[in-house]
Amino acid sequence: MAQEDIFKKLVAHCKEYGYVFQSSEVYDGLSAVYDYGQYGVELKNNIKKYWWDSMVLLHENVVGLDSAIFMHPTIWKASGHVDAFNDPLIDNKDSKKRYRADVLIEEQLAKIEEKINKEIGKAQKRFGDAFDEQQFRETNPRVLANQKKYEELHTRFAKALNDNDLQELKQIIVDQEIACPVSGTRNWTDVRQFNLMFATEMGSTSDGAMKVFLRPETAQGIFVNYLNVQKSGRMKIPFGIAQIGKAFRNEIVARQFIFRMREFEQMEMQFFVRPGTELDWFEKWKSIRMKWHQALGFGEENYRFHEHEKLAHYANAAVDVEYKFPFGFKEVEGIHSRTDFDLSQHEKYSGRKIRYFDPELNESYVPFVVETSIGVDRMFLQVISAAYCEEELEKDSRVVLKLPPVLAPVKLAVMPLVKKDGLPEKAREIIDKLKFDFNCQYDEKDSIGKRYRRQDAIGTPFCVTVDHQTTQDNTVTIRYRDSMEQERVAITELGKIIGGKVSMRNLFEKL
Ligand code: GAP
């Protein structure tokens, strides 16, 4: 099945099984805004816990923060967001659809890359074990021609972005003959800049209300609290401040479900370091963060680093962690060396000293910052698209979410075989013992087979069935979601078996 069809099915599955709903659906929805249902919120909370604990519990020099969404408007002037937080947009005059010019060109690059990969795939099949990919890349004329096209376009694109040259971006779109996916025409407007921040008004005085912004990143809340945390926590550099919270961006092109939203959540950590050491720390955090992703077990080959074509106005190094979504490799997390830009700007605009006295050097300086920034919703999409699986079985088929047990919303379902003979009471007894440690679900409706399928579809890793034998010897069958194997175990063993599989410790030990 085509990847796009799988993605459509995944979106439908998220709705059907209470993971993600379109916001304001009864009013026909609000574009690029989503609500999380009963299972979605549990998965989201588990992802946040995995991130938070890996940052704050496992690093003694990283502490947490929860800063407000509304902040003084000058913060956004200082950070550069008022003047430079823009996307280059272009409209197709026939379809009236609006696109990000940079995304159109990135998609063109991806198409060329895909052609190269197809060529390699075909040759791989033809030559089998004898295939030497490097040699093929260096000698095959079609691959070489496409590689040249890719490099030329990439260089031209990176230069246009770095020079902020909107005319050149348009020219690339024209030269590459990029057509609007809706109208199929190449009838484009010029490229314009569009600021992504949402604004609202605070208070009401005779002089008028104050214009405030909904934060487009949580990071600035950390920067403006740097001194508060450093002094109240007697923090010594290097140290980090971690925060999870909502961010808002008026995205021009909102597509691909929860991949690009207008209201979303970020998990960000700013790590404050001695100037001159930032690039070493940048490399260290790159490796820590990649391990965090790979510990979930979705296959190392599905992750890669992507160097930025254009460095943000505040960065001297930047890389994305990309995951292979059903619609291709895309960014899940950004790791940036933000220099001393933000703290220096806040010094300048606030008129306060924002420094660190380094007792080892006996001098004060503005710390440099390495940032790790990941979207909760994008991570959610990464996890659920990696977990979604359609399996053909001997007699039928099933849809199963192979979520890592640690992240699964419901850890176990307890099912009485029949609704009589004391079996429901026994099942409830088991839940009453286990509910303090695990999210349990009681399920007595329909046949056992149907109940298993329902639990597979929401990703429950363990199903426990209570039958007549249970009332005699206090044993139950436990059924494992992925292998569908079943075994008979004592009720007293359940806590240990399940606890061993769903503990965050399993992930933390891999980091
Ligand atoms: N403080 C740096 C910063 O915000 P970013 O690369 O713009 O950097 C970081 O965003 C992460 O936030 C992205 O890697 C992505 O996971 C998430 N993110 C950004 N915009 C998003 C959007 N519109 N919808 C969902 N997630 C988004």
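By the naming in an unreviewed UniProt entry, the protein is Glycine--tRNA ligase, taken from Mariniphaga sediminis. What the UniProt record of the protein gives under Subcellular location (unreviewed entry) is the line "Cytoplasm". Among the UniProt annotations of the protein, the heading Sequence similarities (unreviewed entry) holds the following wording: "Belongs to the class-II aminoacyl-tRNA synthetase family."

A. Local environment of the overall build of the protein. A tally of helices and strands in the protein yields 18 helices and 23 strands. For a compact globule of 511 residues, the expected C-alpha radius of gyration is about 24 Å, and the protein comes in at 26 Å, within 12% of that figure. Evaluated residue by residue, the protein yields a buried proportion of 49% over its 511 residues. Of the contacts made within the protein by residues no fewer than 6 positions apart, 66% connect residues no fewer than 24 positions apart. For the protein, the separation between the mean place of its 74 positive charges and that of its 79 negative charges on side chains is 2 Å.

B. Main features of helix H12 (residues 341-350). Taken together, the buried positions of H12 are Phe-341, Asp-342, Leu-343, Gln-345, His-346 and Glu-347. Along its buried surface, H12 packs onto helix H3 (74-78), helix H9 (219-223), helix H10 (226-232), strand E10 (263-273) and strand E13 (328-339). A positive backbone phi angle near 75° is found at Gly-351, which sits one or two residues after H12.

C. Highlighting the domain arrangement of the protein. Partitioning the protein into structural domains gives domain 1 (37-69 + 197-385), domain 2 (86-195) and domain 3 (400-508). Spacing between the C-alpha centres of domain 1 and domain 2 amounts to 29 Å. The interface is formed by 11 residues belonging to domain 1 together with 17 residues belonging to domain 2. On the domain 1 side of the contact with domain 2, Ile-252, Glu-309 and Lys-310 bury the most area, a combined 54% of that side's loss. Counting every contact that joins domain 1 to domain 2 gives 1 salt bridge. Seen at the junction of domain 1 and domain 2, the total is 1 residue pair in polar contact (both at pLDDT 80 or more). Of the residues belonging to the side of domain 1 that touches domain 2, the class tally is 4 nonpolar, 1 polar and 6 charged.

Definitions and cut-offs
Residues numbered from 1 in each chain as written. Predicted model: local features only at pLDDT ≥ 70, side-chain atom pairs only at ≥ 80, totals over all residues. Heavy atoms only, no water. UniProt positions renumbered as here; feature names shortened; annotations may be inferred. Helix = DSSP H or I, 4+ residues; strand = E, 2+ residues; numbered from the N terminus. Rg over C-alpha atoms; globule rule 2.2 N^0.38 Å. Buried < 20%, exposed > 50% of the residue type's maximum accessible area, 1.4 Å probe, protein only. Contact = heavy atoms within 4.5 Å. Lys, Arg positive; Asp, Glu negative; His and termini not counted. Charge placed at Lys NZ, Arg CZ, Asp CG, Glu CD. Domains from an automatic or database assignment. Buried area = accessible area lost by both parts, 1.4 Å probe. Salt bridge = Lys/Arg side-chain N within 4 Å of Asp/Glu carboxyl O. Polar contact = N/O pair within 3.5 Å; in protein donor to acceptor, adjacent residues only side chain to side chain. Nonpolar A, V, L, I, M, F, W, Y, C, P; charged D, E, K, R; others polar.

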